[in-house]
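Read off the chains here:
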Amino acid sequence: AGKSKVDDEVLDDLEEILVTSDVGVDTTLKIIDRIEERVSKDKYFGTEELNKILREEISGLLEENNSGSETEFVIPQQDAPYVIMVVGVNGVGKTTTIGKLAYQFKKAGKKVVLGAADTFRAAAIDQLKIWSERVDVPIVTQKMGSDPASVAFDTLQSAQAQDADVVIIDTAGRLHNKVNLMNELGKIKKVMKKVIPDAPHEVMLVLDASTGQNAIEQAKQFTRVTEVTGMALTKLDGTAKGGVVIGISDLFKIPVRYIGVGERMEDLQVFNKYEFVDSLFGEEQEA
Amino acid sequence: MFENLQDKLERSFKVLKGHGQITEVNVAETMKEVRRSLLDADVNFKIAKDFTNRVKDKALGRDVLNTVSPGQLLVKITHEELTELMGSEHEELDLSGDPAVILMAGLQGSGKTTHSGKLAHFLKNKKGKKPLLVACDVYRPAAIDQLHVVGEQVGTEVYSNKEEKDPVKIAKDAVEYAKQNGFNAVIVDTAGRLAIDEDMMNEISSLKDALNPNETLFVVDAMTGQDAVNTAKEFNQRLDYEGVILTKLDGDTRGGAALSIRAVVQKPIKFIGTGEKMDALTPFHPSRMSDRILGM
Ligand SMILES: Nc1nc2c(ncn2[C@@H]2O[C@H](COP(=O)(O)OP(=O)(O)OP(=O)(O)O)[C@@H](O)[C@H]2O)c(=O)[nH]1
Ligand SMILES: Nc1nc2c(ncn2[C@@H]2O[C@H](COP(=O)(O)OP(=O)(O)OP(=O)(O)O)[C@@H](O)[C@H]2O)c(=O)[nH]1
Ligand SMILES: [K+]
Ligand SMILES: [Mg+2]
Ligand SMILES: [Mg+2]
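In this report, we go over the structure that sits alongside the text. (Residues numbered from 1 in each chain as written. Chains lettered and ligands numbered in written order. Predicted model: local features only at pLDDT ≥ 70, side-chain atom pairs only at ≥ 80, totals over all residues. Heavy atoms only, no water.)

### Observations concerning the overall build of chain B
Item 1. For chain B, the count of helices and strands is eleven helices and eight strands.
Item 2. Expressed along its principal axes, the backbone C-alpha trace of chain B runs to roughly 75 × 40 × 30 Å.
Item 3. Across the 296 residues that make up chain B, the buried fraction comes to 60%.
Item 4. The contacts in chain B between residues at least 6 apart in sequence include a share of 78% that link residues at least 24 apart.
Item 5. In the structure as shown, chain B presents an accessible area of about 11,800 Å², 47% of it carried by carbon and sulfur atoms.
Item 6. Across chain B, the centroid of the 39 positively charged side chains sits 3 Å from that of the 45 negatively charged ones. (Helix = DSSP H or I, 4+ residues; strand = E, 2+ residues; numbered from the N terminus. Buried < 20%, exposed > 50% of the residue type's maximum accessible area, 1.4 Å probe, protein only. Contact = heavy atoms within 4.5 Å. Areas by Shrake-Rupley, 256 points an atom, 1.4 Å probe, with all protein chains shown as cover. Lys, Arg positive; Asp, Glu negative; His and termini not counted. Charge placed at Lys NZ, Arg CZ, Asp CG, Glu CD.)

### Observations concerning the site of ligand 1
Item 1. Around ligand 1, the surrounding shell holds 22 residues, and the nearest of these are Gly93, Lys94, Thr95, Thr96 and Glu263 of chain A.
Item 2. Lying at an intersection of chains, ligand 1 is approached by residues of chains A and B.
Item 3. At 3.2 Å, a backbone N or O of Val92 of chain A approaches an oxygen atom of ligand 1.
Item 4. About the coverage of ligand 1: the protein hides 96% of its 650 Å² of free accessible area. (Near = heavy atom within 4 Å. Polar contact = N/O pair within 3.5 Å; in protein donor to acceptor, adjacent residues only side chain to side chain.)

### Examining the side chain of Ser146 of chain A
Residue and element names in this part refer to chain A.
Item 1. Structurally, Ser146 can be placed in the loop between β3 (139-140) and α6 (148-161).
Item 2. At 3.4 Å, the side chain of Ser146 and the side chain of Gln142 are in polar contact.
Item 3. Apart from the residues within four sequence positions on either side, Ser146 is in contact with Thr119 and Val151.

### Considering the pattern of salt bridges
Item 1. Per the counting criterion, the structure on display carries 31 salt bridges over all chains.
Item 2. The residue Arg35 of chain B makes a salt bridge to Glu15 of chain A at a minimum N-O spacing of 3.2 Å. Taken as a pair, Arg35 of chain B in helix α2 (residues 24-40) and Glu15 of chain A in helix α1 (residues 8-20) lie in two separate chains rather than in one.
Item 3. Classification of Glu15 of chain A by relative accessible area gives buried; the value is 16%.
Item 4. Between Glu215 of chain B and Lys270 of chain B there is a salt bridge, with its nearest N and O atoms 3.0 Å apart. Placement of Glu215 of chain B in strand β5 (residues 215-221) and of Lys270 of chain B in strand β7 (residues 269-273) is noted, with a sequence separation of 55 residues between them.
Item 5. Judged by its relative accessible area of 2%, Glu215 of chain B is buried.
Item 6. With relative accessibility at 5%, the residue Lys270 of chain B sits in the buried group. (Salt bridge = Lys/Arg side-chain N within 4 Å of Asp/Glu carboxyl O.)

### Topic: the environment of Gly88 of chain A
Residues and elements named next belong to chain A.
Item 1. With respect to the helices and strands, Gly88 occurs in the loop between β1 (82-87) and α4 (94-107).
Item 2. Between the C-alpha atoms of Gly88 and Ala172, which are 84 residues apart in sequence, the distance is 8.1 Å.
Item 3. The residues contacting Gly88, other than those within four sequence positions of it, are Lys94, Ala172, Gly173, Arg174, Leu205, Val206 and Phe222.

### Thoughts on the packing of aromatic side chains
Residues and elements named next belong to chain B.
Item 1. With the rule as written, the count across this model stands at seven aromatic pairs over all chains.
Item 2. For the ring pair Phe122 and Phe271, a centre distance of 5.1 Å and an interplane angle of 75° mean the geometry is edge-to-face. With Phe122 in helix α5 (residues 112-126) and Phe271 in strand β7, the pair connects residues that are 149 residues apart, well separated along the chain. With respect to burial, Phe122 and Phe271 carry one shared label: buried.
Item 3. Aromatic side chains Phe218 and Phe235 sit 5.1 Å apart centroid to centroid with 40° between the ring planes, which places their arrangement in the tilted category. One end of the pair, Phe218, is in strand β5; the other, Phe235, is in helix α9 (residues 228-239), and 17 residues separate them in sequence. As far as burial versus exposure is concerned, Phe218 and Phe235 are alike and both buried. (Phe/Tyr/Trp six-rings, centres within 6.5 Å; stacked < 30°, edge-to-face > 60°.)

### Focus on the interface of chain A and chain B
Item 1. Opposite the 42 residues of chain A that make contact, chain B presents 37 residues.
Item 2. Interface area for chain A against chain B, summed over the two sides, is near 3,600 Å², with a carbon-plus-sulfur share of 55%.
Item 3. Counting across the interface, chain A meets chain B through four salt bridges.
Item 4. When residues of the side of chain A that touches chain B are traced back to their parent elements, those giving at least two are α1, α2 (25-41), α5 (124-135) and α8 (214-226) of chain A.
Item 5. Broken down by class, the residue content of the side of chain A that touches chain B amounts to 14 nonpolar, 15 polar and 13 charged. (Buried area = accessible area lost by both parts, 1.4 Å probe. Nonpolar A, V, L, I, M, F, W, Y, C, P; charged D, E, K, R; others polar.)

### Looking at the nonpolar core
Item 1. Of all hydrophobic cores here, the largest spans 93 residues; its most connected members are Ile35, Phe105, Leu156, Ile168, Met192, Leu233 and Tyr258 of chain A.
Item 2. For Tyr258 of chain A, the residues in contact, after removing those within four places along its chain, are Phe73, Leu101, Phe105, Met204, Met231, Ala232, Leu233, Leu268, Gln269, Val270 and Phe271 of chain A.
Item 3. Ranked by size, the runner-up nonpolar core spans 70 residues in total, among them Leu38, Phe51, Leu73 and Ala171 of chain B. (Core = buried A, V, L, I, M, F, W, Y, C linked by side-chain atoms within 4.5 Å.)

### Here we look at the sheet that holds β1 of chain A
All names here are of chain A.
Item 1. Here we have eight strands laid out as an open sheet, ordered β3-β2-β4-β1-β5-β6-β7-β8, and mixed in their pairing. Of all the strands in the sheet, the pair left with one neighbour each is β3 and β8 (268-270).
Item 2. Bridge analysis of strand β7 (residues 256-260) against β8 gives three bridges, and the strand direction is antiparallel. The residue bridging Tyr258 from the neighbouring strand is Val270, located in β8. (Pairing = 2+ DSSP bridges.)

Interpretation note: all reported values are geometric properties and have no functional meaning in isolation.
Below, the structure written as structure tokens:
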């Protein structure tokens, strides 16, 4: 604090903060280049101004979250149920995020139906069932080992029959370098279209805030197979900052919609990019 | 996405040679490439910095600059140093005692329950043990059911008590049950927790105090980024664990967290997890991990 101009030391500190927040070297250099450019234009440049510019530059890399109001859980109004398919690698928080989302949509007066299309992982169906009971929304299941596409099909049909507003489909965690498992997602998507031609309306990629640079490859591969339309960033209640989403949002033009900040039903928030950027520069980090 | 470090260095040395003299300053430039490569692999910022400084000194000591292929030699030195840092030998589990007790700990979703099952499979098939799995995650929806399914997959009995909410009580009862029923190894699955969650960290310390396990294993996702050092350090301060299991290495992560964790807590990585199946558990090899971190 108390520095009056942007010198190498300030930029070095900035680099450290960004890299240790998992922003990644490429994106960090991109940000620093932009700052340097602006600094060279305007010679007298205080730290306070730097903070403002930093905020602008980084938020500029984050895609606009078009879900409407900044703090509410809203989905587009439409005739057929709005279908959200949730994807991501193992253990990031897909099922939990679905439970939390169901809670929010229900609270907003929507009729929600869940589909347990993770038929692979041990007790994944039971896990989502418990969430459906907690939130008190209907769920469609088949038994472990059955075809996930068939579960998705059933869920959409059931949702349509019930005149539901939102359908959320859970899928098994899969590493993005496993070709067969990734192709399975394409199949699930295709089968949904037989019930609702433009479903899924949202493919939500869930990323764990503690993940490092590999998240970029995750985003790339899931986008390739399923055309991801939104992201949720989980586990931000820990010490990890989740900075990798900045580069991802910029590279693939996908907005971050929600953040997970705990394991309870209420622990999901609508993403706010200014708060997110501030959190990168919040407490001093120690390593 | 990541260019091989060796190719990168060879290229930058070619450029340097074009400019005539190679100096210490030039080496510093090349070390920037090494550092960047480590950061891309998620090695912690500070550790990458210290590491490259050390490699630089070593390289200058060996007169890298006057060799035919300085890039190759630098990569070789970097590789050697990485491997040494990560511990050269594979370290076995301590399975003494009757029963031997293994306590699993780690962040949410890192792979504790799955790896409890894999360890049971390993102890049964490779070590001739009769293991008992113990369900001490009383929080996560269907955590107990999950362990039962896993237990069934590996043909191992699971001790659980859905009425009991105190994991310490469950674990103690389980050890008693093991003694009375001829189980000579006990694997305790626990809930995921954040290092900054005071109550949950107290819980896992109490579990450790009550069980006095042979092995407390810190289970960590190989895709973890810069936060790996904080978490590994915090868990180590509370638990002084015996070793680490690095999971999900069947992905394409370069796994720099391995180096960061090793460097910050000085505890061996004992196993790596390479899949969701129960036999996807293998001993850790530092040299292969170095290849991976360097993108080779
Ligand atoms: N602290 C914290 N934990 C979370 C958050 N979201 C999920 N979790 C926990 O992370 C663990 C994994 O969550 P799941 O929802 O099962 O993850 P998943 O992606 O469905 O996992 P798979 O289906 O096995 O791939 C659980 O212990 C959750 O309680 C969060 O925002 N904060
Ligand atoms: N590909 C792959 N997946 C793994 C590996 N280990 C675990 N998983 C998957 O990762 C997800 C989380 O694993 P769990 O064993 O439930 O993790 P956990 O640490 O017990 O999670 P919590 O109890 O919620 O804290 C599941 O989908 C597992 O199948 C691995 O080595 N490779
Ligand atoms: K994780
Ligand atoms: Mg799940
Ligand atoms: Mg578990």
